[in-house]
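Remarks on the overall topology
Listed below are the residues making up each chain.
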Amino acid sequence: MKKKLVIAGGTSFIARNLIKELSLENYEITSLVRKRTHLQEREGVNYISLSMQDYNTIDKYISKCDCYIPFTWNGTKRAERNNRQKNEESYRCILDSIQILIEKCGCTKIILPGSFLEYKNQHVPIDEETICDSELEYGRYKYKLYEEAYKLCVRKGVKLVETRLFGVYGEEDNEEKMLNQIMKRMLRNEEIRLTRGEQIWNFLYISDVVNVFRELIEKDVESGCYNIAANEHRTLKSYIEEMKKITESKSNLVFGAVSYGTDVIPHMICITDKIREAIDWAPEVTFSEGIKRMQYYYKRIETGGDRK
């Protein structure tokens, strides 16, 4: 019998790619989306138009659910990360939907997409025992959702896994994302103004992220949070210089033209031993290979080709 999988925020970057890769022979997928306009729907997937504010009525549309993954969130964009109202609303709406799907639809597994922004930047390697003390409302409410959902799931005997994602990138991501902006400017040979690029960073390609979620859906892992990141950590400057070399761009890179915004250099150093042991997972796509895939995609767009 097929497992019934509910994915909220079905138009988000990771959700779109996950839905595209999941086997419809094994899963009956319902995708909750705000709007279906311009959505490239996958045949065999059940799409439901439902705003996050109406998630408290989710049982009117879902009768049975085995696993729930809520990707949706208002407040992810950089300008909204300190908007308390948006982030609190997201927290409450998603927590309501988790409770309803457990109590009324029989859901037995919750997979929460979390963020490295739940942690406080401490200039030290981050593991799952690192204290979550985010400077951002986005990070605070993401962590609050994890805490409250975890308590609920313990009471109900339901598995809950949170993925704390670090540096996810790839083609077709949000246009405000740094690597996507830089790629397009490099292909146009435009000048690019940057910070000094001293921060230690980590980038994980989208297909490796999809593989993690697929494994977590299929396998029985211990409840808790899991850091998801690539193996490689180095300065942001070195990543950007590698992009310029791969693309053979003539862009002038002006490092130091943009301030960090605070006196603290925002390092992102992650320890991922826990997820590797839980599902025997390791990233497969190197940064250079991921950038080559992005370059191929954006070159096709620039020349009027399709997005495949």
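The structure contained in this document is the topic of the report that follows. Nothing here was measured: the structure is a model prediction, and the numbers come from that model.

1. A short note on the overall build of the chain
Counting secondary structure elements, the chain contains eight helices and 13 strands. Relative to its length of 308 residues, the chain is compact, with a C-alpha radius of gyration of 20 Å against a globular reference of 19 Å. Reported as C-alpha extents along the three principal axes, the dimensions of the chain are approximately 55 × 45 × 40 Å. Taking all 308 residues of the chain together, 50% fall into the buried category. In the chain, the proportion of contacts linking residues at least 24 apart, taken out of those at least 6 apart, comes to 76%. By element, 44% of the accessible surface of the chain is carried by carbon and sulfur atoms, the whole surface being about 15300 Å².

2. Some remarks on the sheet that holds strand 11 (residues 224-228)
Within the open sheet, the seven strands sit side by side as 3-2-1-4-5-6-11. Their pairing is parallel. Taken across any chain shown, the strands that pair with only one partner, and hence form the sheet edges, are strand 3 (46-49) and strand 11. Going from strand to strand, the sheet's axes swing by 20 degrees on average, the running direction of each strand aside. Set on the sheet, helix 3 (residues 137-156) makes contact with strand 5 (109-115), strand 6 (159-165) and strand 11; between it and strand 6 the angle comes to about 160 degrees. Helix-sheet contacts for helix 5 (residues 206-218) involve strand 1 (3-8), strand 2 (27-33), strand 4 (67-70), strand 5, strand 6 and strand 11, and the interaxial angle to strand 5 is about 155 degrees.

3. Re the state of the cysteines
Scanning the model with the defined rule gives zero disulfides in all. With no disulfide of its own, cysteine 65 lies closest to cysteine 107 among cysteine sulfurs, the gap being 3.7 Å. Look at cysteine 65 and you get buried, because its relative accessible area is 0%. This cysteine, cysteine 132, is not joined by any disulfide, and cysteine 225 carries the nearest cysteine sulfur, 6.7 Å off.

4. Side note on the packing of aromatic side chains
In the structure shown here, the tally under the stated rule is 15 aromatic pairs. Aromatic side chains tryptophan 73 and tyrosine 138 sit 6.1 Å apart centroid to centroid with 85 degrees between the ring planes, which places their arrangement in the edge-to-face category. A residue pair is termed long-range when its members are at least 10 positions apart, and tryptophan 73 in the loop between strand 4 and helix 2 (84-105) and tyrosine 138 in helix 3 qualify at 65 residues. An aromatic cluster is defined as three or more aromatic residues linked by ring pairs; in this entry it consists of Tyr169, Phe203, Tyr205, Tyr239 and Phe287.

The rules we used
- Residues numbered from 1 in each chain as written.
- Predicted model: local features only at pLDDT ≥ 70, side-chain atom pairs only at ≥ 80, totals over all residues.
- Heavy atoms only, no water.
- Helix = DSSP H or I, 4+ residues; strand = E, 2+ residues; numbered from the N terminus.
- Rg over C-alpha atoms; globule rule 2.2 N^0.38 Å.
- Buried < 20%, exposed > 50% of the residue type's maximum accessible area, 1.4 Å probe, protein only.
- Contact = heavy atoms within 4.5 Å.
- Areas by Shrake-Rupley, 256 points an atom, 1.4 Å probe, with all protein chains shown as cover.
- Pairing = 2+ DSSP bridges.
- Axes fitted to C-alpha atoms, helices over the stretch in contact; angles between N-to-C directions.
- Disulfide = S-S within 2.5 Å.
- Phe/Tyr/Trp six-rings, centres within 6.5 Å; stacked < 30°, edge-to-face > 60°.

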